[in-house]
Amino acid sequence: MKQFRKSLEQLTVAYQLLRWTLLVLPVAVLAGSMVALFLWLLDKATHLRWEHEWLLYMLPLSGIVIYWLYRLGGRNAEKGNNLIMEEIHQPGGGVPARMAPLVLLTTIITHLFGGSAGREGTAVQIGGSIAGLLSRKLGLTASDTRILLMTGIAAGFGAVFGTPVTGAVFALEVLAIGVMRYNALIPCLIAAVLADVVCSAWGITHTKYHIDFSGTPLSAAIPFIHTDLLLLLKVILAGVAFGLTSLLFSRLMHTIKHNANAYIKIPWLIPVAGGLMIIALCYVAGTWDYLGLGVMSKDPDGISVVNAFREGGRINDWSWLWKLVFTAVTLGMGFKGGEVTPLFFMGAALGHTLALLMGAPVDLFAALGFIAVFAGATNTPIACTLMGIELFGGTHVLYFGVACFTAYYFSGHSGIYGSQRLVVPKYD
């Protein structure tokens, strides 16, 4: 009898896997295709801005266009990622289908005219919007709707960065601090993998990163110690700095948004003021390298994420802080896009600086900052450790984990997502 029940249980598992594969398939295909279109348009917009630098001076006007697009057709879609998270926590009005085209268009406008923003938020909103539409069409229950929305997050994230395992775990981990919803594990993994495949099938390629440092442990003479203890100490110290950077960015962005809404009484003037601030910041910083994504620069030796992995170039001790300010102003003043790629920039640039100060490998510490500042700002240390493995290989996984977990603790209980819930505090 017991054996018979076990057989029934396995049949139920097989049925659920088939059912969720069929449900997730259209989400993954549509999200992967729309993310591919978004990344293609983003690349075109970036190169167009590089060729016509005068476009930056149109940033205040583009902010008005973005404001009115959301005013006329956005409604609750303006809440972005937070709306999707709220609908997962407590299904209500649903995630509107208009969110996907709106955020795609307004993010391209932001980048075309020089705003400092990312792409993760756009991809996640595309996935969540598609999942929400499918849920309504199929009349799914509240429980199934929650899971399908999570698969939308996983699909968008996995496709936009080419990191499907990270995308799946991120969707589970980002909703609440201290807990993960394992009932959505397989559906999220299926969605992330399929969306990444679809995005790649459209010819989209992702930036490749490589860590040349291999390293020989200073403690190799001691048989049971398999790592460089001095380097590990430096990683811990860097992790503290990465976590504090995450905290600074989150608080600055939220403070700018709060004060802008409190003191600028005409709403459409908020992005106008933000655009003027970005133009002024370019002249104060003496460079336009802090605009846009920042993954690469128009100048091969410019300030960018890619160049943070090598010594030389124009990255300085404060490049990470400049990018932090540019991005906090852009997103806090009403422009659209994600926070994650700028967080990569901040982390890689800070890791570059810390490596030079502490006599550590530049490429390794740039990689650590890349994932750890993101981990602290989103409170997703496990997903970010996995991202390190997917992007940089598994050789330095111990350092990845130490940096991400340390940054997670030192970033406090705040984060870039206001709808993220605190379930288990980081400390008593």
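Predicted model only: the values in this text are computed from it and were never measured.

1. With respect to the overall build of the protein
(1) Moving on: A tally of helices and strands in the protein yields 15 helices and two strands.
(2) Moving on: The C-alpha radius of gyration computed for the protein amounts to 21 Å, which stays within 12% of the reference 22 Å derived for 428 residues, consistent with globular compactness.
(3) Moving on: Across its three principal axes, the protein shows a C-alpha extent of roughly 75 × 70 × 45 Å.
(4) Moving on: In the protein, which comprises 428 residues, the proportion classed as buried is 57%.
(5) Moving on: A total of about 18000 Å² of accessible surface is found on the protein, and carbon and sulfur atoms cover 66% of it.
(6) Moving on: In the protein, which carries 27 positive and 22 negative side-chain charges, the distance between the mean positions of the two groups comes to 12 Å.

2. Notes on the packing of aromatic side chains
(1) Moving on: Summed over all chains, the structure comprises 22 aromatic pairs.
(2) Moving on: Geometrically, the ring pair formed by Tyr408 and Tyr409 is edge-to-face, given 5.3 Å between the ring centres and 75° between the ring planes.
(3) Moving on: Here Tyr409 falls in the partly exposed class, since its relative accessible area comes to 45%.
(4) Moving on: The ring of Tyr70 has Lys336 lying over it, and the distance from NZ or CZ to the ring centre is 4.6 Å.

3. Looking at helix H15 (residues 397-410)
(1) Moving on: Along its 14 residues, H15 runs 20 Å from first to last C-alpha, staying within 8% of the 20 Å computed at 1.5 Å per residue.
(2) Moving on: Restricting attention to buried positions, one finds in H15 the residues Tyr399, Phe400, Gly401, Val402, Ala403, Cys404, Thr406, Ala407 and Tyr408.
(3) Moving on: Buried residues belonging to H15 abut strand S1 (176-177), helix H9 (229-263), helix H13 (362-378) and helix H14 (381-392).

4. What to know about unusual backbone geometry
Apart from glycine, the bulk of residues carry a negative phi angle, and the bulk of peptide bonds sit in the trans form.
(1) Moving on: Phi at Asn379 takes a positive value of approximately 60°, unusual for a residue other than glycine.
(2) Moving on: Inspection of the secondary structure assignment puts Asn379 in the loop between H13 and H14.
(3) Moving on: On the basis of relative accessibility, which here comes to 2%, the residue Asn379 falls in the buried class.

5. A look at a nonpolar patch on the surface
(1) Moving on: Together, Val13, Leu17, Val165, Tyr182, Leu185, Ile186, Leu189, Val193 and Val197 make up a nonpolar patch on the protein surface, roughly 710 Å² of accessible area in all.
(2) Moving on: Elements supplying a minimum of two residues to the nonpolar patch: helix H1 (2-51) and helix H8 (185-201).
(3) Moving on: Broken down by element, the nonpolar patch gets its largest block of residues, five residues, from H8.
(4) Moving on: Take Val197: it is sitting in helix H8.

6. Side note on the pattern of salt bridges
(1) Moving on: In the structure shown here, the tally under the stated rule is seven salt bridges.
(2) Moving on: For the salt bridge of Asp144 with Arg19, the shortest nitrogen-to-oxygen distance reads 2.6 Å. Taken together, the positions of Asp144 in helix H6 (residues 142-161) and Arg19 in helix H1 put the pair 125 residues apart, joining distant regions of the chain.
(3) Moving on: Owing to a relative accessible area of 14%, Asp144 belongs among the buried residues under this scheme.

7. Details of the nonpolar core
(1) Moving on: With 136 residues, the main nonpolar core has Phe370 and Phe392 as its most contacted residues.
(2) Moving on: Considering every element that reaches this core, the biggest residue donor is H13, with 13 residues.
(3) Moving on: Residues contacting Phe392, with those up to four places away along its chain left out, are Tyr209, Ile211, Phe309, Ala367, Phe370, Ile371 and Phe400.

8. Examining helix H4 (residues 99-112)
(1) Moving on: Here H4 contains 14 residues, and its C-alpha end-to-end distance of 20 Å stays within 8% of the 20 Å for a straight helix at 1.5 Å per residue.
(2) Moving on: Of all the 14 residues making up H4, twelve are buried; the element is thus mostly covered by neighbouring parts of the structure.
(3) Moving on: For H4, every residue scored as buried is listed here: Met99, Ala100, Leu102, Val103, Leu104, Thr106, Thr107, Ile108, Ile109, Thr110, His111 and Leu112.

9. Some details on the side chain of Thr151
(1) Moving on: Assignment of secondary structure puts Thr151 in helix H6.
(2) Moving on: A residue is classified by how much of its surface remains accessible, and Thr151, at 0% relative accessible area, is buried.
(3) Moving on: Residues within four places of Thr151 in sequence aside, it is in contact with Val24, Val27, Pro187, Cys188 and Ala191.

10. Topic: the side chain of His89
(1) Moving on: Relative to the helices and strands, His89 is located in helix H3 (residues 81-89).
(2) Moving on: Leave out the neighbours within four places in its chain, and His89 touches Arg146, Leu175, Arg181, Ser419 and Arg421.

11. A look at the packing of H9 against helix H11 (residues 319-332)
(1) Moving on: Relative orientation of the contacting elements H9 and H11 amounts to 30°, with a least axis distance of 8 Å. Here H9 lies roughly parallel to H11, going by the angle between them. The handedness of the crossing between H9 and H11 is right-handed. Contacts between H9 and H11 involve Thr245, Leu248, Phe249, Leu252, Met253, Ile256 and Lys257 from the first element and Trp320, Leu321, Leu324, Val325, Thr327, Ala328, Val329, Leu331 and Gly332 from the second.
(2) Moving on: Its residues assigned to classes, the contact of H9 with H11 comprises twelve nonpolar, three polar and one charged.

Criteria and thresholds
Residues numbered from 1 in each chain as written. Predicted model: local features only at pLDDT ≥ 70, side-chain atom pairs only at ≥ 80, totals over all residues. Heavy atoms only, no water. Helix = DSSP H or I, 4+ residues; strand = E, 2+ residues; numbered from the N terminus. Rg over C-alpha atoms; globule rule 2.2 N^0.38 Å. Buried < 20%, exposed > 50% of the residue type's maximum accessible area, 1.4 Å probe, protein only. Areas by Shrake-Rupley, 256 points an atom, 1.4 Å probe, with all protein chains shown as cover. Lys, Arg positive; Asp, Glu negative; His and termini not counted. Charge placed at Lys NZ, Arg CZ, Asp CG, Glu CD. Phe/Tyr/Trp six-rings, centres within 6.5 Å; stacked < 30°, edge-to-face > 60°. Lys NZ or Arg CZ within 6 Å of the ring centre and 35° of its normal. Expected span 1.5 Å × (residues − 1). Contact = heavy atoms within 4.5 Å. Patch = residues over 30% accessible without salt bridge, like charges linked within 9 Å, V, L, I, M, F, W, Y side chains within 5 Å. Salt bridge = Lys/Arg side-chain N within 4 Å of Asp/Glu carboxyl O. Core = buried A, V, L, I, M, F, W, Y, C linked by side-chain atoms within 4.5 Å. Axes fitted to C-alpha atoms, helices over the stretch in contact; angles between N-to-C directions. Parallel < 35°, antiparallel > 145°, perpendicular 65-115°, else oblique. Left-handed = near helix turned anticlockwise from the far one by under 90°. Nonpolar A, V, L, I, M, F, W, Y, C, P; charged D, E, K, R; others polar.

The quantities given are spatial measurements derived from coordinates; they are silent on function.
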